[in-house]
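# Structural description and commentary
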Amino acid sequence: MLAGLSAALGAGLLWGLVFLTPLVLDDYPGFMLAVGRYLAFGVLALGLAWFDRKALMQLARADWVEAAKLALIGNLLYYATLASAIQLAGAPVPTLIIGTLPVVIAISANLLDRRRGTGEDTVAWRRLIASLVLILAGLLAVHGDSGDGLSAGGNDYLLGLALAVLALACWTWYPIRNSRWLRARSPGLARAWATAQGLATLPVAILAGLGYWAWDLFGDASAAPFDWPLGPQPQRFVLMCLLLGLAASWLGTLLWNKASQSLPAALVGQLIVFETLAALLYAFIWYQRWPSLAEAAGIALLVAGVIGGVRVFSPAGDTRVSTH
């Protein structure tokens, strides 16, 4: 139990770094932060591919197309929108929006199972009301406390919230789609499939980076140019991208898998809140301030709502969602 809890805490602390990076590199476009992170992850996957070479050779062309789709939406688009949201709206509100992932994913899966008639243990919506009210109240409390950001930032703040919701949609789609692929195959492909997605991410990230360079070169002349490819702080940019590729994309997932093997599924689902709490901790350290009373209350309400929602869904299946 102690080893599992420690592993889940470690995964949360590492995953929280993805929310800190847009603050550390606030003069970098969120899109380029995503490109850098997943270039690093793709290069790491090249080394890992040697160990999974037999399984990778068995994948069909359609499987590689699926891996590319997952890489584009679940990796590149997700982190580009999340990083941009944090830079535009500040860290607390986007972080809490992403923190609702465990419940949003479970609700979406519940809806899909009901529509297909495949869910034997789908959950009655009335059991979710209390959790959803707590989550909504928590988000409104922190959003209301960030009202100055709305008046001062105006359209930027609203755009940041919209991008956070888009990031939430990307990572709601990804685990459901990814799980569907895995369930349709023989067991034992989980590690090779993760490596395949890393390999698929590499060319997608390269093309995205080249596309951004072309847009920056031939696009709006009034916009501030980006010092492509490494930007104004090349050493810090490379260091943070390597850190995210190794720590968040690989080691964090490894620790989470360890926790998933050591702890009951219902408990592991609730421990995803470690990521949200770590991200908020890093953000407040970066801002050099304590959370306000409204922010603290909102965080407590959201954590209670997510834990309650995971408990509602835990009898219906495994809620162990790897968020990175």
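Heads up: the structure comes first, above all this text.
Not measured: the values here are computed from a predicted model.

## So, the packing of aromatic side chains
Counted by the stated rule, this structure contains seven aromatic pairs. Between Trp-171 and Tyr-174, the aromatic rings sit 4.5 Å apart at their centres with planes inclined by 45°, giving tilted as the arrangement. With Trp-171 and Tyr-174 both in helix 10 (residues 155-183) and three residues apart, this pair spans about one turn of that helix. Exposure remark for Trp-171: the relative accessible area of 4% places this residue in the buried category. In textbook terms, an aromatic cluster arises when at least three aromatic residues are bridged by ring pairs, as seen for Phe-31, Tyr-212 and Trp-215.

## Considering the nonpolar core
With 93 residues, the main nonpolar core has Tyr-78, Tyr-79, Leu-82, Ile-98 and Trp-256 as its most contacted residues. It is helix 5 (residues 61-89) that contributes the most residues to this core, twelve residues altogether.

## A short note on the packing of helix 2 (residues 17-24) against helix 12 (residues 234-262)
With their axes 10 Å apart at the nearest point, helix 2 and helix 12 run at an angle of 170° to one another. By the angle class used here, helix 2 and helix 12 are roughly antiparallel. Facing helix 2, whose interface residues are Leu-17, Val-18, Thr-21 and Val-24, helix 12 presents Arg-236, Met-240, Leu-243, Leu-244 and Ala-248. Here the contact of helix 2 with helix 12 is composed, by residue class, of seven nonpolar, one polar and one charged.

## Quick notes on the pattern of salt bridges
Working definition: two side chains of opposite charge can pair if their charged atoms are close together. Counted according to the given criterion, the structure contains two salt bridges. A salt bridge links Arg-177 to Glu-66, with the nearest nitrogen and oxygen atoms 2.6 Å apart. Taken together, the positions of Arg-177 in helix 10 and Glu-66 in helix 5 put the pair 111 residues apart, joining distant regions of the chain. By relative accessible area, Arg-177 is classed as partly exposed at 25%. Residues Arg-289 and Glu-295 are paired through a salt bridge, measuring 2.9 Å at the closest nitrogen-oxygen approach. The exposure class of Glu-295 is buried, given its relative accessible area of 3%.

## Focus on the side chain of Asp-63
Within the secondary structure, Asp-63 sits in helix 5. Take Asp-63: its relative accessible area is 8%, and that puts it in the buried class. Within the structure, Asp-63 has its side chain in polar contact with the backbone nitrogen of Ala-60 (distance 2.9 Å). Here Trp-181 takes part through its side chain, which lies 3.1 Å from a polar atom of the side chain of Asp-63. The contacts of Asp-63, once residues within four sequence positions are left out, are Trp-181, Arg-185 and Trp-193.

Cut-offs and rules
One numbering rule holds for all chains: residues counted from 1, following each sequence as written. Local features are withheld for residues below a pLDDT of 70 in this predicted model, meaning they are given only at 70 or higher, and side-chain atom pairs are given and counted only at 80 or more; totals for whole chains, interfaces and linings count all residues. Calculation of side-chain values draws on the structure's entire complement of heavy atoms; hydrogens and water are dropped beforehand. Each Phe, Tyr or Trp ring (for Trp, its six-membered ring) is paired with any other whose centre lies within 6.5 Å, and the angle between the two planes then decides the class: stacked below 30 degrees, edge-to-face above 60, tilted in between. A run of H or I in DSSP becomes a helix once it reaches four residues, and a run of E becomes a strand once it reaches two; helices and strands are each numbered from the N terminus. Relative accessibility thresholds used throughout: buried, under 20% of the residue-type maximum; exposed, over 50%; partly exposed, between the two (1.4 Å probe, protein chains only). To define a nonpolar core, start from buried Ala, Val, Leu, Ile, Met, Phe, Trp, Tyr and Cys residues and group those joined through side-chain atoms within 4.5 Å. To obtain an axis, a line is fitted to C-alpha atoms, over the contacting stretch when the element is a helix, and the angle between two such axes runs from 0 to 180 degrees between their N-to-C directions. Convention used here: angles under 35 degrees read as roughly parallel, angles over 145 as roughly antiparallel, angles from 65 to 115 as roughly perpendicular, and any remaining angle as oblique. Note on definitions: a residue-residue contact is assigned when non-hydrogen atoms from the two residues lie within 4.5 Å. The residue classification treats Ala, Val, Leu, Ile, Met, Phe, Trp, Tyr, Cys and Pro as nonpolar and Asp, Glu, Lys and Arg as charged. All others, Gly included, are polar. Here a salt bridge means any side-chain nitrogen of Lys or Arg lying within 4 Å of a carboxyl oxygen belonging to Asp or Glu. Whenever two N or O atoms come within 3.5 Å, that pair is a polar contact, provided that in protein one can donate a hydrogen and the other can accept it, and provided that, for residues adjacent in sequence, both atoms are side-chain atoms.

All we've got here are geometric facts, nothing functional implied.
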